[in-house]
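Secondary and tertiary structure notes
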Amino acid sequence: MSTPGTSLAAGSQAAAAGASSAAGSQVQAADDVRELLLSTTADASDPSTPLSAPDLRLLIDRLRLRSDRLHASALSFAASNRGALANALLRAASAADSSASFKSSLDSALGPLASSPDLSDLRALADRLLAARRELAERQEHLAAASTIASLAARLRETRAAASPLDRAAAVAELKTLLIDPDRSGSGQDDPVVFGLLRSDWEQLVDELQVGLGKNVEECVEFAPEGGKVVVRATPRGHSGGSHGVELPVALQALETIDALGYGMAKIADKMMKHILVPAISNIQVSVIEEGGPEHSVSVLSVVPSEEIKDNKDGSNLYSRIIDVIKFVCKFICMENSKWVQYFAKLTWPRISDLVITHFLSKAVPNEASKLIEFQDVVRSTAEFENKLRSMMFLLPDRKDGKLTQFVDDVEVHFAVRKRSEILVKARNILVQYDYDSPLESGDQGDSVVDLLFQPEKCFTSKSALLVMKLVHGALKDASLSSARVAKEFCFAARDVLLLYKAIVPVQLEKQFDSLSQVAAIVHNDFYHLSQEILGLAFQYRADFPSDLQKQVVFVDLAPIFSQMADAVLRRQIQLAVDTISEAIDGAEGFQNTHQPQHYESAKFSIEQVVFILEKIRIMWESILPRSTYRKSMCHVLGSVFSRITRDMLLIDDMAAEETLQLQGLIHLALENLSSLFLSLVENDDDSTNFLDHDTWIQLDGILPSLKKFRKLAELLDMSLKSITACWESGDLARCGFTSSEVQNFIKAIFADSPLRKECLGWIVRTPA
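Presented here is an overview of the structure given in this document. Quantities reported herein were computed from a predicted structural model and do not represent experimental measurements.

Cut-offs applied
- Residues numbered from 1 in each chain as written.
- Predicted model: local features only at pLDDT ≥ 70, side-chain atom pairs only at ≥ 80, totals over all residues.
- Heavy atoms only, no water.
- Patch = residues over 30% accessible without salt bridge, like charges linked within 9 Å, V, L, I, M, F, W, Y side chains within 5 Å.
- Areas by Shrake-Rupley, 256 points an atom, 1.4 Å probe, with all protein chains shown as cover.
- Salt bridge = Lys/Arg side-chain N within 4 Å of Asp/Glu carboxyl O.
- Helix = DSSP H or I, 4+ residues; strand = E, 2+ residues; numbered from the N terminus.
- Contact = heavy atoms within 4.5 Å.
- Buried < 20%, exposed > 50% of the residue type's maximum accessible area, 1.4 Å probe, protein only.
- Axes fitted to C-alpha atoms, helices over the stretch in contact; angles between N-to-C directions.
- Parallel < 35°, antiparallel > 145°, perpendicular 65-115°, else oblique.
- Left-handed = near helix turned anticlockwise from the far one by under 90°.
- Nonpolar A, V, L, I, M, F, W, Y, C, P; charged D, E, K, R; others polar.

Turning our attention to a nonpolar patch on the surface. Taken together, Leu 453, Phe 454, Leu 535, Phe 539, Val 554 and Val 556 make up a surface patch of nonpolar side chains, about 570 Å² in accessible area. Its place among the elements puts Leu 453 in the loop between strand S5 (449-451) and strand S6 (458-460).

Below is the structure:
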């Protein structure tokens, strides 16, 4: 059935459709007329062109024909769709009738209200009805709450008045579910105030019950003030016939019911640890004595000294004492209740195990790898001890609490870690306490001269380096005889010792490195010696290591580090030597004007200083450094010295005849005073040779090219112009290291300008070096 609303909507839609159709017809007609005009005349596209009379008649005829065709088409469409059009007209008529009926009903309904002068009374009546209903619901809720509060208050009074602690504990536990919301942790911020008061009353009741039961437990389990004794009574002293004290199991059961067993057990556990277990574990010569029994109302456990008992190596006596204490607790305090026993264990076992490790197991760890087998007795007795505790339900059967067995199972690691710490402590003490200031004054110098591993030479090393290397060899020997886990720790200890030397010594001796010192030469030898020893460790011990470690543990990576540090120390000393000698040479002021007494004395003093410094360096280095290192280092210093003096003398632009003789004398002075130094650089078959012969000079010229040039300069200072030119033409000067420009400048400085000088200079220019 259609409603007036739907009929009106349908009519509106039909009207809109008709209007749209009419508009479309008008547009279509306009288009058709425009087409007729276009077909009538060619100029119809121009709106400003007037139509002729024949064109108008033709247009009228065509419009009439088009109208007739449209009329015929409309009649044909109506005839073919007669049923659909009739139904549409019927629905429109029905919608119009329904709209009129709805309007009539609405007018009749609004008639009485329209005649009333004020509608506010009707609204007020409805509001009062709703308010009354809400008030009724609130009063019903308040009544239910009051009833609940009265019930809870009555139950609290009954609980407080209950005579049996167990009854009170059960009632308190039951009230907890009603007063405490576990999701809100009992905050109750949105609850009525009276519920907060009830909750506070309940909490006060719990505290009173907990404190009373805790005191009851303490009175049942008393500890002697002097320690070593615990007395357990069936009922508190003074309450055997009274109504206030309860038996120990009843008190513990009540505490368990209100989830306060930890409160009652905590003080017992603490005092049991302090007065009984600590003396029983920490003292060897004690025994545990139990007095009384189930038929007696009092049971006593005492820890008393005993000189006859001596703890054995496997710890069985210690474990027996601990088990006796725990048995006493399980039997007379926990009453064989497994839950209470485990609660007591939770409070005491971590401390018991730590005490056993501290006072027994850590001390029983062997000091030598060969004694690890004897420790197996301790492993066995420890495992039996923990298994016994599990059978007593003191420890859980899942072995998660097996702290002692875990410790003894890892004893190899503990042993290795302790040995590693001991090795590092020894190494540190050696390095920190060793006196580098007077290493050659000790009486064991012979022991400090060692053979280098990969070179046929000897060198002086400090006692600290030898002791450090002794620790390394000892650790690796122990690693070769140990299991993989222990060997790994020993190998790490050996590496740590070497790294400790690398870290401590350079920092400790930094000040000595800033000046020329024998200490720096010794430290160089130490690093050099250690680098070669490190390279040999793999050949000495790797084959004896456990197979798992042969590829994991390496030392070869440390050898380049120590070798580089040795080179750095030596290079620093060489540079200091060169700088010191250069300062001494600077005092000669370029060896200018040595024909004047004052300048000659300055130059001579400078040469004497150079000789003194070089001799001092020889004394410091020759007895310390390896032979090849000494020769190489000293040749580097001497090469720098001779090159500098030769360069300064060749830079003199004008020399008097007397000045050449003075310079030649200075060169001879230096060479003569350095004879012992020169002899220390050459290989002599006869150790008794104390002078420089021809063969010695040949050797020196080979290893010190600057010395050869220096000596040749002394000869040039006493040669004629032609002789100098002949030496250049023969190539002798070039072989000594002179360049063409140096020879030319030298000739110009000594000889006055003359045709002969020009000729000789020309020969020198034309003759290649």
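Along the chain, the position of Met 335 falls in the loop between helix H9 (316-333) and helix H10 (338-364). On a C-alpha basis, the gap between Met 335 and Leu 248 in space is 9.1 Å, while along the polypeptide they are 87 residues apart. When near neighbours in sequence (up to four residues on either side) are disregarded, Met 335 contacts Leu 248, Pro 249, Cys 330 and Trp 340.

The next point concerns the pattern of salt bridges. Counted under the stated rule, the structure contains 25 salt bridges. Between Glu 384 and Arg 380 there is a salt bridge; the shortest N-O distance is 3.6 Å. Placement of both Glu 384 and Arg 380 in helix H11 (residues 376-391) is noted, with a separation of 4 residues, approximately one turn of the helix. For Arg 380, a relative accessible area of 40% corresponds to the partly exposed category. A network of salt bridges, in which partner residues are shared, links Asp 314, Arg 380 and Glu 384.

Let us look at the packing of helix H22 (residues 657-673) against helix H25 (residues 705-716). Two elements in contact, H22 and H25, have axes whose closest approach is 9 Å; the angle formed by their N-to-C orientations is 140°. As judged from the angle between their axes, H22 and H25 are oblique. Relative to H25, the crossing made by H22 is left-handed. Within the contact between the two elements, H22 uses Gln 664, Ile 667, His 668, Ala 670 and Leu 671 and H25 uses Leu 707, Phe 710, Arg 711, Leu 713 and Ala 714. Of the residues that constitute the contact of H22 with H25, the class distribution is 7 nonpolar, 2 polar and 1 charged.

So yeah, pure geometry; function would need other evidence.
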